[in-house]
Amino acid sequence: MTPEAADAEFVLKSTPPRVSKDQLLRGRLGWDGEDLRNKTIIEVVAPAGFGKTSLLGQWRREALNLGALVAWLSFDERDDVARFSGALAYSMRIASGRPTFERAVAQTMRQGGNEQEGLTAWLAEVANLGAETVLILDEVQTVSASVLDSLLYLILNAPPNLRIVLASRKALQLPLSNFLARGLYTSLDVERLRFTRQETAAILKARFKDRITAESCMRLHDKAAGWPLGLQLAMVVIERQSDPNTAIATMDAATGDLERYFLEGLLNDLEPRVVEFLVRLAILDALQVELCGFVTGYEDAPELLKRLRETLPIFMDGPSAEWVRLHPMVREFLLGQLRKRPEVELQALHGRAARWLADHGLREVAAGQALAAGQDELAHGLISECMYGAALEADNVRLLYWLERIPPEELERHPRTLLGAAWVLALSERHRQAARLIEKIHADPAAPVEERFESALIHGAAAYFADHIDDMVDTFAPWKDQEVTSSSTLRAIYANCAAVAQIYRGNPEQARRMIRAAYAAVSPTLQAVRGWGEWGIGFGYLWEGQVQLAQEWLAEPSRRADEAIGRRNGVSAMLASAYAMALWELGDVDAAEDVLLDRLDVLERVSAPEAIVMGYQVAARLARLKGQQRRALDLLDNLFALGEVRGMPRYCVASLFEQARMHLVQGRMRSCIEACDRLAAMAAELDPASLLGRLLLLRIAQARGYAAIARADWEGVLAILEPALEEADKLRRGREGVEMRFLLAVARMHCGLEWKSHRDEALGLAEMYGMQRGLQELQTLAGDWRAGHAGAKEAPRDEPALAPARAAAPAEVVRTGGLLTAKEEEILLLLGRNLSNKQIASALGISDETVKWHVKHLFVKFNAGSRRHVVDRARMLGILGEGY
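Starting from 1, residues in each chain are numbered consecutively following that chain's sequence as written. Selection of residues for local features in this predicted model requires a pLDDT of at least 70, selection of side-chain atom pairs for listing and counting requires 80 or more, and totals for whole chains, interfaces and linings are taken over all residues. The side-chain quantities take in all heavy atoms of the structure and omit both hydrogens and water.

Visitor: Which residues make up the overall build of the protein, and what values go with them?
Guide: Labels follow the DSSP assignment, with helices taken as runs of H or I lasting at least four residues and strands as runs of E lasting at least two, numbered in each case from the N terminus. Within the protein, the secondary structure is distributed over 47 helices and seven strands. The cut-offs for exposure are 20% and 50% of the maximum accessible area for each residue type, with area from a 1.4 Å probe on protein chains only; residues under the lower value are buried, those over the upper are exposed, and the others partly exposed. Within the protein, the fraction of its 884 residues that count as buried is 56%. Residue contacts are counted whenever heavy atoms from the two residues lie within 4.5 Å of one another. Counting only contacts in the protein whose residues sit at least 6 apart along the sequence, the fraction spanning at least 24 positions is 68%. Working definition of accessibility: Shrake-Rupley area with a 1.4 Å probe, residue cover restricted to the visible protein chains. Surface accessibility of the protein: about 37800 Å² in total, with carbon and sulfur atoms responsible for 51%. We treat Lys and Arg as the positive residues and Asp and Glu as the negative residues; His and chain ends play no part in the count. Lysine's charge is taken at NZ, arginine's at CZ, aspartate's at CG and glutamate's at CD. Separation of charge centres in the protein, based on 105 positive and 119 negative side chains, amounts to 4 Å.

Here you go:
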């Protein structure tokens with residue numbers, strides 16, 4: 001090869017790929033992140049399609065921004081040691097601008113040195129640079145053994161200022177344990193390269209803007225399973241449709257463009273025998289070597305599966321180390337190919353799978369395969385055998401599916417099967433059926449005592465899900481202080497239900513002690529059972545208004561439950577709704593939305609009443625914050641309708657209370673009064689002596705206070721909220737207590753009474769509890785604390801003096817009680833007119849820097865991320881009129 005030809009080839013090998021301007025910057029994998037910052041050797045190992053090269057391009061740009069010299073080199077099958085040495089020298093000359101690298105290597109070779117001595121000369125030149133130097137090597141899987149040995153020599157003799165990145169489609173098996181032991185080595189595998197939900201949403205939002213919903217982003221993430229290439233293929237399909245949300249909902253990898261890609265790009269280069277192997281495996285949700293061999297009939301299944309996992313980007317980690325899964329999109333495509341075959345062939349495959357799974361104790365999965373094989377009797381028998389064990393740990397939504405298909409006589413064949421079915425029903429929207437199912441056991445004094453105790457637990461759990469908390473307490477009363485079971489799981493469930501009753505009595509600390517004592521003996525592997533207890537503790541903190549403690553407590557259990565039993569499990573959704581409520585109160589709106597996303601339907605079906613209410617409340621508040629007022633009200637209307645259908649007043653009260661508060665803080669006083677009047681009409685139907693009745697009547701009393709504020713009846717506010725505050729303190733309802741103290745301060749100010757101590761106490765408690773939003777939305781009701789509003793109580797009844805964001809004066813910025821300075825109010829008004837910083841500076845006669853300084857403070861005070869967000873938040877809070 002001539003020098004000119006070599007130079008041309010080296011140019012191509014040392015030229016990094018172009019990085020698109022709209023490429024997602026993966027912050028969690030950033031070059032200066034904690035995981036990579038001090039690493040000398042970084043290995044990136046994943047099949048094609050996982051964004052390795054894109055990530056290397058991001059690292060190159062970030063390293064250059066940090067002042068490092070970065071050399072790039074891509075390998076191919078033709079590289080030998082000499083080509084490697086020459087390309088290495090050329091790439092570093094381009095990166096550093098110094099020709100000494102090529103000269104040093106060439107001189108060494110002219111003097112009779114070998115390739116290793118040439119590499120030594122190259123390393124010496126890197127050391128002489130002094131500056132941090134990064135060498136990025138892509139497609140390393142293509143190199144020969146001799147080049148790999150030279151690469152290892154380079155790594156083992158690297159000077160302190162050299163960092164080396166290796167990207168490969170398969171593990172290189174380099175002996176780097178010494179670097180690992182010293183904390184100088186790290187590797188990124190497929191799982192770390194997968195897009196997170198947040199990354200998928202960011203990419204889709206950047207491409208489709210507001211045309212795509214958060215729910216659709218979540219669905220496509222689940223379908224693509226974080227596979228970068230899968231997401232890219234899906235976006236190509238979506239772009240051709242007018243509505244991306246409909247395109248995602250109807251997307252099928254077994255048809256259209258996706259099918260063509262998989263046929264032409266995935267299977268085209270495989271032997272027909274290998275393609276047949278993959279198609280047969282598509283019936284399996286998870287793959288294990290022996291199972292694959294038994295179902296497909298391939299004796300070489302272990303070797304074939306190993307080779308495919310190393311060469312194709314279509315596999316994901318399974319439930320344990322020996323199991324893997326096909327990527328959802330790939331499996332959907334393969335199933336599409338399989339369904340084109342005769343039904344008898346599919347049933348035979350399902351039958352073989354059912355037999356192997358049943359023989360290995362995987363009864364629930366085997367039941368699904370048996371049903372698909374047309375073996376209904378076998379399927380019913382298998383699911384009956386595992387119903388009890390699965391009831392408290394599996395996905396209740398899935399078990400409800402089975403209960404709809406199993407004949408009643410099959411359930412009644414054995415008491416434990418009956419108990420399992422009753423547990424599934426009790427912990428769901430079908431809780432009333434649970435009591436009927438176990439009535440025989442519950443009422444039979446001759447039944448074994450442990451079975452009667454468990455039937456009482458089921459009966460009590462069903463009463464709890466029906467919102468009959470006092471009935472639950474009565475059901476448990478005969479069993480108090482009795483040691484009737486050796487099951488730590490049943491004792492923990494009893495403790496959790498009893499703890500809920502203690503919370504409603506106003507004893508959240510005692511509830512936490514009960515749960516912690518009972519759950520100490522529960523196995524960590526029982527994620528769903530433990531999740532109930534962890535939710536109970538978090539709920540207790542939220543009951544007290546201790547949102548900071550709730551957030552800290554719920555963060556890890558929520559994450560762990562999502563990973564172990566899935567986002568759409570009932571217990572995971574319960575934990576998420578409580579966690580989202582804590583995040584909302586703390587002001588972390590984006591995190592609250594992410595946690596709650598795509599879970600409301602699960603909450604409705606298989607979660608506790610408190611969890612359902614919190615889920616709807618947070619969802620409605622998020623919609624309102626986005627300016628989606630109609631959606632917020634629709635969500636609350638749905639909650640009200642749910643209460644009517646199920647005969648559960650809690651949902652109706654929560655819906656109307658949230659609507660009343662929403663109307664109040666946004667200045668819609670008549671709408672607020674209407675909602676409060678509807679609540680007041682419900683009071684007569686509630687039992688003030690019941691545990692739930694006390695709570696709901698407290699909320700109604702608080703809403704009556706809202707109505708009095710809307711009418712500017714400040715003496716009425718005092719008369720309503722002062723006794724309500726005493727009740728809130730008795731029940732330890734922290735959020736209501738803080739809010740009532742604040743509103744009483746406002747009322748006392750308008751009545752000419754001492755108010756500062758009440759305000760200061762409310763603000764102090766809110767800060768201590770972490771209630772960032774608890775009072776923020778009510779600040780506009782206070783007006784200007786300094787002014788005193790001496791004449792406010794003289795306002796006409798139909799035109800309250802305290803009316804934030806009144807339509808009659810949209811051009812004014814309402815006084816904010818010290819939230820904004822006078823200058824910030826002026827700047828906010830001009831931001832609402834969409835003026836630039838320069839235009840604002842000119843209008844106010846101040847400098848650009850002063851404007852920037854005030855705008856930055858507005859970002860902080862409104863918890864906003866952009867100028868538009870500041871304006872939207874100000875409108876939502878009633879500080880800025882709708883005319884801006």
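Visitor: Before we move on, could you go through the sheet that holds strand 2 (residues 69-74) and cite the residues and values that matter?
Guide: A strand pair is defined by DSSP finding two or more bridges across the two strands. On the basis of which strands lie adjacent, the open sheet formed by five strands has the order 2-3-4-1-5 and parallel pairing. Of all strands in the sheet, those with a lone pairing partner are strand 2 and strand 5 (185-188), marking the two edges. Between one strand axis and the next, the sheet turns through 15° on average, direction left out of account. When strand 3 (residues 133-138) meets strand 4 (residues 162-168), the two strands line up parallel, connected through five bridges. Counted as the bridge partner of Thr 133 is Leu 162 from strand 4. Axis definition: a line fitted to C-alpha atoms, over the contacting stretch in the case of helices. Angles run 0 to 180 degrees between N-to-C directions.

Visitor: For the packing of helix 44 (residues 822-832) against helix 46 (residues 848-861), give the residues involved together with the corresponding values.
Guide: The angle between the axes and the distance between the axes are what describe a pair of packed helices. Helix 46 packs onto helix 44 with a crossing angle of 85° between their chain directions and a minimal axis gap of 10 Å. Accordingly, the angle class assigned to the pair helix 44 and helix 46 is roughly perpendicular. Counted together, Lys 823, Glu 824, Ile 827, Leu 828 and Leu 831 of helix 44 and Val 851, His 854, Val 855, His 857, Leu 858 and Lys 861 of helix 46 form the full contact between these two elements. In this classification, the charged set is Asp, Glu, Lys and Arg, the nonpolar set is Ala, Val, Leu, Ile, Met, Phe, Trp, Tyr, Cys and Pro, and all remaining amino acids, among them Gly, are polar. For the contact of helix 44 with helix 46, the residue count by class is six nonpolar, two polar and three charged. When describing relative orientation, an angle under 35 degrees is termed roughly parallel and one over 145 degrees roughly antiparallel, while 65 to 115 degrees is termed roughly perpendicular and anything else oblique.

Visitor: So what's going on with the pattern of salt bridges? Which residues, and what values?
Guide: A side chain of one charge can pair with a side chain of the opposite charge if their charged atoms are brought near each other. Salt bridges are defined as contacts in which a side-chain nitrogen from Lys or Arg sits within 4 Å of a carboxyl oxygen from Asp or Glu. Within the structure shown, the criterion is met by 59 salt bridges. The partner of Asp 598 in a salt bridge is Arg 568, and the shortest N-O contact between them spans 3.6 Å. Of this pair, Asp 598 sits in the loop between helix 33 (589-596) and helix 34 (600-606) while Arg 568 sits in the loop between helix 31 (547-565) and helix 32 (570-586); the two residues are 30 residues apart in sequence, bridging distant segments of the chain. For Asp 598, a relative accessible area of 18% puts it in the buried group. In this structure, a network of salt bridges that share partners links the residues Glu 585, Arg 624, Arg 661, Arg 735, Glu 739 and Glu 777.

Visitor: Give a description of helix 38 (residues 669-682) that names residues and reports values.
Guide: Multiplying 1.5 Å by the helix residue count minus one yields the expected span of that helix. Helix length check: helix 38 (14 residues) gives 20 Å between terminal C-alpha atoms against 20 Å at 1.5 Å per residue, within 8%. If you check which residues of helix 38 are buried, you get Met 669, Cys 672, Ile 673, Ala 675, Cys 676, Leu 679 and Met 682. Of the surrounding elements, those touching the buried residues of helix 38 are helix 37 (649-665) and helix 39 (691-710).

Visitor: Give me the lowdown on the nonpolar core, citing residues and values where you can.
Guide: By size, the foremost hydrophobic cluster in this structure holds 252 residues, and its most contacted members are Trp 59, Trp 423 and Trp 535. Those residues within four positions of Trp 535 in sequence are excluded, and the remaining contacts are Tyr 464, Leu 554, Met 574, Leu 575, Ala 578, Ala 608, Glu 610, Ala 611 and Met 614. As used in this record, nonpolar core signifies buried Ala, Val, Leu, Ile, Met, Phe, Trp, Tyr and Cys residues forming a set joined through side-chain atoms within 4.5 Å. Counting residues in each nonpolar core, the second largest holds 38 residues, with Ile 41, Leu 119, Leu 148 and Leu 174 among its members.

Visitor: A description of helix 32 should follow, citing residues and the corresponding values.
Guide: Over its 17 residues, helix 32 runs 24 Å from end to end, which matches the ideal 24 Å to within 8%, given 1.5 Å per residue. Where burial is concerned, most of helix 32 is hidden: 17 out of the 17 residues are buried. At the N-terminal end of helix 32, a side-chain oxygen is found 2.8 Å from the backbone nitrogen of Val 571, two or three residues along, and the residue is Asn 569. Of the residues one or two after helix 32, Gly 587 is the one with positive phi, at around 95°. In the analysis that follows, any N or O atom pair within 3.5 Å is treated as a polar contact, provided that within protein one partner can donate a hydrogen and the other can accept it, and provided that, for residues neighboring in sequence, both atoms belong to side chains.

Visitor: Lay out the pairing of strand 1 (residues 41-45) in plain terms, naming residues and giving numbers.
Guide: Buried residues dominate strand 1, accounting for five of its five residues. Of the two faces of strand 1, the one carrying Ile 41, Glu 43 and Val 45 and the one carrying Ile 42 and Val 44 are both buried. In the sheet, strand 1 pairs with strand 4 via five bridges, with the strands oriented parallel. In the sheet register, Val 44 faces strand 4, and the bridge partner there is Ala 167. With four bridges joining them, strand 1 and strand 5 adopt parallel strand pairing. Its bridge partner lying in strand 5, Glu 43 is registered against Ser 187.

Visitor: Let's hear about unusual backbone geometry: which residues, and what values?
Guide: The backbone of Glu 139 sits at a positive phi, close to 60°, despite the residue not being glycine. Overall, the relative accessible area of 22% leaves Glu 139 in the partly exposed class. One non-glycine residue, Asp 467, lies in positive phi territory at about 70°. When you line up the elements, Asp 467 lands in the loop between helix 26 (449-465) and helix 27 (469-476).

Visitor: So what's going on with the side chain of Thr 417? Which residues, and what values?
Guide: Position of Thr 417 among the secondary structure elements: in helix 23 (residues 415-426). In terms of polar contacts, Thr 417 uses its side chain to reach the backbone carbonyl oxygen of Ser 384, at 3.2 Å. The contact partners of Thr 417, leaving out residues within four places of it in the chain, are Ser 384, Met 387, Glu 410 and Leu 411.

Visitor: So what's going on with the environment of Thr 250? Which residues, and what values?
Guide: Residue position: Thr 250 is located in the loop between helix 12 (244-249) and helix 13 (256-266). The class of Thr 250 is exposed, set by a relative accessible area of 58%. Between the C-alpha atom of Thr 250 and that of Gln 173, which follows or precedes it by 77 residues, the distance is 43 Å. A polar atom in the side chain of Thr 250 sits 2.8 Å from the backbone oxygen of Thr 246.

Visitor: I'd like a rundown of the packing of aromatic side chains, residues and numbers included.
Guide: Between the rings of Phe, Tyr and Trp (Trp by its six-membered ring), a pair exists once the centres lie within 6.5 Å; its type follows the angle of the planes, with under 30 degrees stacked, over 60 edge-to-face, and the other angles tilted. Counting across every chain of the model gives 18 aromatic pairs. Look at Phe 10 and Tyr 90: their rings are 6.2 Å apart centre to centre, the planes differ by 45°, and that puts the pair in the tilted class. With Phe 10 in helix 1 (residues 3-13) and Tyr 90 in helix 3 (residues 81-96), this residue pair connects regions lying 80 residues apart in the sequence. In this structure, Phe 10 and Tyr 90 share a single accessibility class: buried. Between Trp 323 and Trp 356, the ring centres sit 6.4 Å apart and the planes meet at 70°, which makes this aromatic pair edge-to-face. Of this pair, Trp 323 sits in the loop between strand 6 (315-317) and strand 7 (324-326) while Trp 356 sits in helix 18 (residues 343-359), and the two are 33 residues apart along the sequence. Neither Trp 323 nor Trp 356 differs from the other in exposure class; each is buried. Taken together through their ring pairs, the aromatic side chains of Tyr 464, Phe 465, Tyr 504, Trp 532, Trp 535, Phe 539 and Trp 543 make up a single cluster. In this scheme, the term charge over a ring applies when either NZ of a lysine or CZ of an arginine sits within 6 Å of the ring centre and within 35 degrees of the ring normal. The ring of Phe 179 carries Arg 182 above its face, with NZ or CZ at 5.3 Å from the centroid. One Lys or Arg, Arg 733, reaches over the ring of Trp 543 and ends 4.4 Å from the middle of that ring.

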